[in-house]
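Single-letter residue listing:
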Amino acid sequence: MNNNTDYHPLAGRTALVTGAARGIGAAIAQRLASEGALVYLGDILEGEGEKTAAHLDRTGVFQPLDVTSEAQWAAMMERIARDVGRLDILVNNAGIYGPASLQDETADGFRRMFEINQFSIFWGMKCAVPLMSLGGSIINLSSIGGMVGYKGTFAYAGAKWAVRGMTRSAARELAPLKIRVNTVCPGVIDTPMFYENDPAQLSQFLQSVPLGALGLPKDIASAVAYLASDEARYITGSDILVDGGMLA
């Protein structure tokens, strides 16, 4: 990480971060803005989203975005097109967890997991491409749960594995347009989502981290900022693990 406050590798770029009101999404929005990007923040949490955008001064713009709504995706893209004329960086971060086993999962629960964690990424990429006329970088948030099987995460794992598959397919399709597509796969990160696990499982997860601690939202933001920058110009179709060595 470059600590020079005058270093702005994303100056002149426009970014959209979903699920940006708090947690990992807010950390990503703040990091991209600190590196010079104009950041559009999308979330269903309007009060928190407005507050996060306000902390970015004039480099943050909040607009309500339900990532399962095609109409709201269209409205977001129309606003970016009207305001700026193009999109350079899309970060599909919005997601839910909700651990449940195969036998305990319900049809409604599985459908909701699919709509928020998988469909939204498909639709986000599809809507973003027309605005990426100069090329760009798409970063999709998957998970270590999209790389190995964990007990009690059936629907979540299915959606996160699918994100990685869609990312690799899109990377090949969009390469001629100079659009790079990658995933960031967080491990156990200190956000409210982590604490949805059973207490016994929380302990097991922590014990399995070689670096011995939970990750922080800023650790994910660092990986996203790298993939968004020209430093990653030759990286596409890849998974960046940020897991403290869990899958080493």
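Read on for a plain summary of the structure. The structure presented is a predicted model; accordingly, all values stated were derived computationally and were not measured.

1. Details of helix α7 (residues 217–228)
- With twelve residues, α7 ought to run about 16 Å at 1.5 Å a step, and its terminal C-alpha atoms sit 17 Å apart, in line with that.
- Packed against the buried residues of α7 are α1 (23–34), β4 (89–92), β5 (136–141), β6 (179–186) and β7 (239–242).

2. What to know about the packing of α1 against α7
- The geometry of α1 relative to α7 is characterised by a closest axis approach of 8 Å and an angle of 45 degrees between their N-to-C directions. Viewed along their axes, α1 and α7 adopt a mutual orientation that is oblique. In the packing of α1 onto α7, the handedness of the crossing is right-handed. On α7, the residues touching G23, I24, A27, I28, R31 and L32 of α1 are P217, K218, I220, A221, S222, V224, A225 and A228.
- Looking at the contact of α1 with α7 residue by residue, the class counts come to ten nonpolar, two polar and two charged.

3. Some words on the pattern of salt bridges
- One pass over the full model with this rule turns up eight salt bridges.
- Here R79 ties to D83 by a salt bridge, and the two come within 3.4 Å at their closest N and O atoms. Of this pair, R79 and D83 both sit in helix α3 (residues 70–83), four residues apart, which is roughly one turn of the helix.
- With relative accessibility at 41%, the residue D83 sits in the partly exposed group.
- The partner of D88 in a salt bridge is R86, with the nearest N and O atoms 2.9 Å apart.
- Of the residues examined, R86 reaches a relative accessible area of 23% and is grouped as partly exposed.

Definitions and cut-offs
- Residues numbered from 1 in each chain as written.
- Predicted model: local features only at pLDDT ≥ 70, side-chain atom pairs only at ≥ 80, totals over all residues.
- Heavy atoms only, no water.
- Helix = DSSP H or I, 4+ residues; strand = E, 2+ residues; numbered from the N terminus.
- Expected span 1.5 Å × (residues − 1).
- Contact = heavy atoms within 4.5 Å.
- Axes fitted to C-alpha atoms, helices over the stretch in contact; angles between N-to-C directions.
- Parallel < 35°, antiparallel > 145°, perpendicular 65-115°, else oblique.
- Left-handed = near helix turned anticlockwise from the far one by under 90°.
- Nonpolar A, V, L, I, M, F, W, Y, C, P; charged D, E, K, R; others polar.
- Salt bridge = Lys/Arg side-chain N within 4 Å of Asp/Glu carboxyl O.
- Buried < 20%, exposed > 50% of the residue type's maximum accessible area, 1.4 Å probe, protein only.

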